[in-house]
Amino acid sequence: CFIREQGSGTRVYQENGLNQLSLNPYLVVINNTSLIKSMVHAGNGFSIVSKSTLTSEDLEQLEVINLDIERFFYLILHKDKYIDEKMKRVISVLKQNME
């Protein structure tokens, strides 16, 4: 299994996916998602990647299995910086979508 390096935001979700599948494979650590996908395209193993990294070529040539893994994102702002009206609207929309 090709997996991202320790500290990568994707690594935790890859580990969660492997646990969800009850797998404990030999891991090859690679710090580049494109290289990981190239290795899978070449038939050298499998990986768990974010849906946003998949191209139409990936979807045509690879078997893609959806794993129900929840991923969290956080909105961070500098607490002492001015926030203009446009940014306030963006923040408001983000907060509404999270409720």
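Numbering of residues begins from 1 in every chain and follows the order in which that chain's sequence is written. Reporting of local features is limited, given that this is a predicted model, to residues whose pLDDT is at least 70; pairs of side-chain atoms are given and counted only at 80 or more, and all residues count toward the totals for whole chains, interfaces and linings. In computing side-chain properties, one takes all heavy atoms of the structure into account and sets aside hydrogens as well as water.

A separate point is the overall build of the protein chain. When helices and strands are counted, the protein chain shows four helices and two strands. Counted from the first residue to the last, the protein chain has its helices and strands arranged as β-α-β-α-α-α. Considering only C-alpha atoms, the protein chain reaches an extent of 50 × 30 × 25 Å along its principal axes. Only protein chains enter the accessibility calculation, which uses a 1.4 Å probe; a residue is then buried when its area is under 20% of its type maximum, exposed when over 50%, and partly exposed in between. The buried share of the protein chain, taken over its 99 residues, is 21%. Should any heavy atoms of two residues lie within 4.5 Å, those residues are considered in contact. For the protein chain, the proportion of contacts with a sequence separation of at least 24, taken over those separated by at least 6, is 54%. Distance between charge centroids for the protein chain: 10 Å, based on 11 positive and 12 negative side chains. Helix and strand assignments follow DSSP, with helices taken as H or I runs no shorter than four residues and strands as E runs no shorter than two, numbered in order from the N terminus. In this charge count, Lys and Arg are treated as positive and Asp and Glu as negative; neither His nor the chain ends contribute. We put the charge of a Lys on NZ, of an Arg on CZ, of an Asp on CG and of a Glu on CD.

Tracing the backbone through its elements, the reader meets asparagine 32 in the loop between strand 2 (28–29) and helix 2 (33–41). Side-chain atoms alone can form a polar contact between residues adjacent in sequence; in general such a contact is a pair of N or O atoms within 3.5 Å, and within protein one must be able to donate a hydrogen while the other accepts it. From its side chain, asparagine 32 meets the backbone nitrogen of leucine 35 in a polar contact 2.8 Å long.

Our focus in this paragraph is the environment of valine 49. In this fold, valine 49 is placed in the loop between helix 2 and helix 3 (56–61). Measuring from C-alpha to C-alpha, the distance between valine 49 and threonine 10 comes to 7.4 Å, with 39 residues separating the pair along the chain. Residue contacts for valine 49: discarding those within four places in its chain leaves Thr33, Ile36 and Leu54.

Take the pattern of salt bridges next. Any carboxyl oxygen of Asp or Glu within 4 Å of a side-chain nitrogen of Lys or Arg constitutes a salt bridge here. Counted under the stated rule, the structure contains four salt bridges. Taking the shortest distance from any N to any O, the salt bridge between lysine 88 and glutamate 85 comes out at 3.6 Å. A residue pair is termed a helical-turn pair when its members lie 3 or 4 positions apart in one helix, as lysine 88 and glutamate 85 do in helix 4 (residues 85–98) at three residues. Judged by relative accessible area, glutamate 85 falls into the partly exposed class, the value being 47%.

Along helix 2, the residues that are buried comprise Thr33, Ile36, Lys37 and Val40. The buried residues of helix 2 all sit within an arc of 95° when viewed along its axis, so they share a single face. Here the buried face of helix 2 lies against strand 1 (2–3) and helix 3. N-capping of helix 2 is provided by asparagine 32, with a side-chain oxygen placed 2.9 Å from the backbone N of serine 34. By definition, the arc is the one covered by directions from the helix axis to the C-beta atoms.

What follows covers unusual backbone geometry. Positive phi outside glycine occurs at serine 22, with the angle close to 55°. Among the structural elements, serine 22 can be located in the loop between helix 1 (9–20) and strand 2.

Right, let's get into helix 1. Buried residues of helix 1: Thr10, Arg11, Tyr13, Gln14, Gly17 and Leu18, and no others. Against strand 1 and strand 2 lie the buried residues of helix 1. Immediately beyond the C-terminal end of helix 1, within one or two residues, lies serine 22, with a positive phi of roughly 55°.

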